[in-house]
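Here is how the chains run, residue by residue.
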Amino acid sequence: QVQLVESGGGLVQAGDSLRLSCEASGRTDSVRAMGWFRQAPGKERECIAYSPSSGGRLFYADSVKGRFAISRDNAENTMYLQMNSLKPEDTAVYYCAAGGTFIVASMTYYPNYWGQGTQVTVSS
């Protein structure tokens, strides 16, 4: 099993930056792929960033491309999501995910493990 714990969410203003962290523990050697999802009120959960392995090609949803960046620190078993130029429409609960299957053509990710989520609220 792999446990994922997110941190770094909060309330910010439009245009601000925020960095989310996801610390993995447990059988971390059993997973390579990691990613970030978000779920806004009344909407489905969507994959916004995906890393197949540390140092591999990264994938981003169009809604965050150019503003968000995923990175990983293998020594600390931690993944980050740097979010810049935040907009009110970025308001959502952000989830860390690991393992599983990713379909490149549709950017659909089916992870094996989920974090508990962290709230990000962007005020206008």
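The structure under discussion appears in the preceding block.
So, a few notes on the structure that sits alongside this text. (Residues numbered from 1 in each chain as written. Predicted model: local features only at pLDDT ≥ 70, side-chain atom pairs only at ≥ 80, totals over all residues. Heavy atoms only, no water.)

**What to know about the environment of Pro111**
- Within the fold, Pro111 resides in the loop between β11 (108–110) and β12 (113–114).
- Considering only alpha carbons, one finds Pro111 and Tyr50, 61 residues apart in sequence, at a separation of 11 Å.
- Residues contacting Pro111, with those up to four places away along its chain left out, are Phe37, Ala97, Ala98, Gly99 and Gly100. (Helix = DSSP H or I, 4+ residues; strand = E, 2+ residues; numbered from the N terminus. Contact = heavy atoms within 4.5 Å.)

**Looking at unusual backbone geometry**
- Despite not being glycine, Asn77 shows a phi value in the positive range, around 50 degrees.
- With respect to the secondary-structure elements, Asn77 resides in the loop between β7 (68–73) and β8 (78–83).
- Phi angles above zero are rare outside glycine, and Ser85 is one such case at about 50 degrees.
- Considering the arrangement of structural elements, one finds Ser85 in the loop between β8 and β9 (92–98).

**A few points about the state of the cysteines**
- Per the counting criterion, the structure on display carries one disulfide.
- Two residues, Cys22 and Cys96, share a disulfide whose sulfurs are 1.9 Å apart. When the S-S torsion is -65 degrees, as for the bridge of Cys22 with Cys96, the disulfide is left-handed. With a gap of 74 residues between them, Cys22 in strand β3 (residues 18–26) and Cys96 in strand β9 connect regions that are remote in the sequence. Per residue, the accessibility class of Cys22 equals that of Cys96, and both read buried. (Disulfide = S-S within 2.5 Å. Buried < 20%, exposed > 50% of the residue type's maximum accessible area, 1.4 Å probe, protein only.)

**Describing the layout of surface pockets**
- Taken as a whole, the largest pocket spans an internal volume of roughly 190 Å³.
- For the largest pocket, the lining is made up of 13 residues, of which Thr28, Val31, Arg72, Asn74 and Asn77 are closest to its centre.
- Listing elements by their share of the lining of the largest pocket, those giving two or more residues are β7 and β8.
- Class assignment for the residues of the lining of the largest pocket results in four nonpolar, six polar and three charged. (1 Å grid on protein atoms, 1.4 Å probe; cavity = no way out; pocket = protein on both sides within 12 Å on 5 of 7 lines; lining within 4 Å. Points joined across faces, edges and corners; volume = space filled by probe spheres on them. Nonpolar A, V, L, I, M, F, W, Y, C, P; charged D, E, K, R; others polar.)

**Looking at the nonpolar core**
- Judged by nonpolar contacts, the single largest core of 39 residues is most densely connected at Leu4, Trp36, Ile48, Leu81, Met83 and Tyr94.
- In terms of residue count, the dominant contributor to this core is β9 (six residues).
- When sequence neighbours within four positions are dropped, the list of residues in contact with Ile48 reads Trp36, Phe37, Arg38, Phe59, Tyr60, Ala61, Val64, Phe68, Leu81, Tyr94 and Met107. (Core = buried A, V, L, I, M, F, W, Y, C linked by side-chain atoms within 4.5 Å.)

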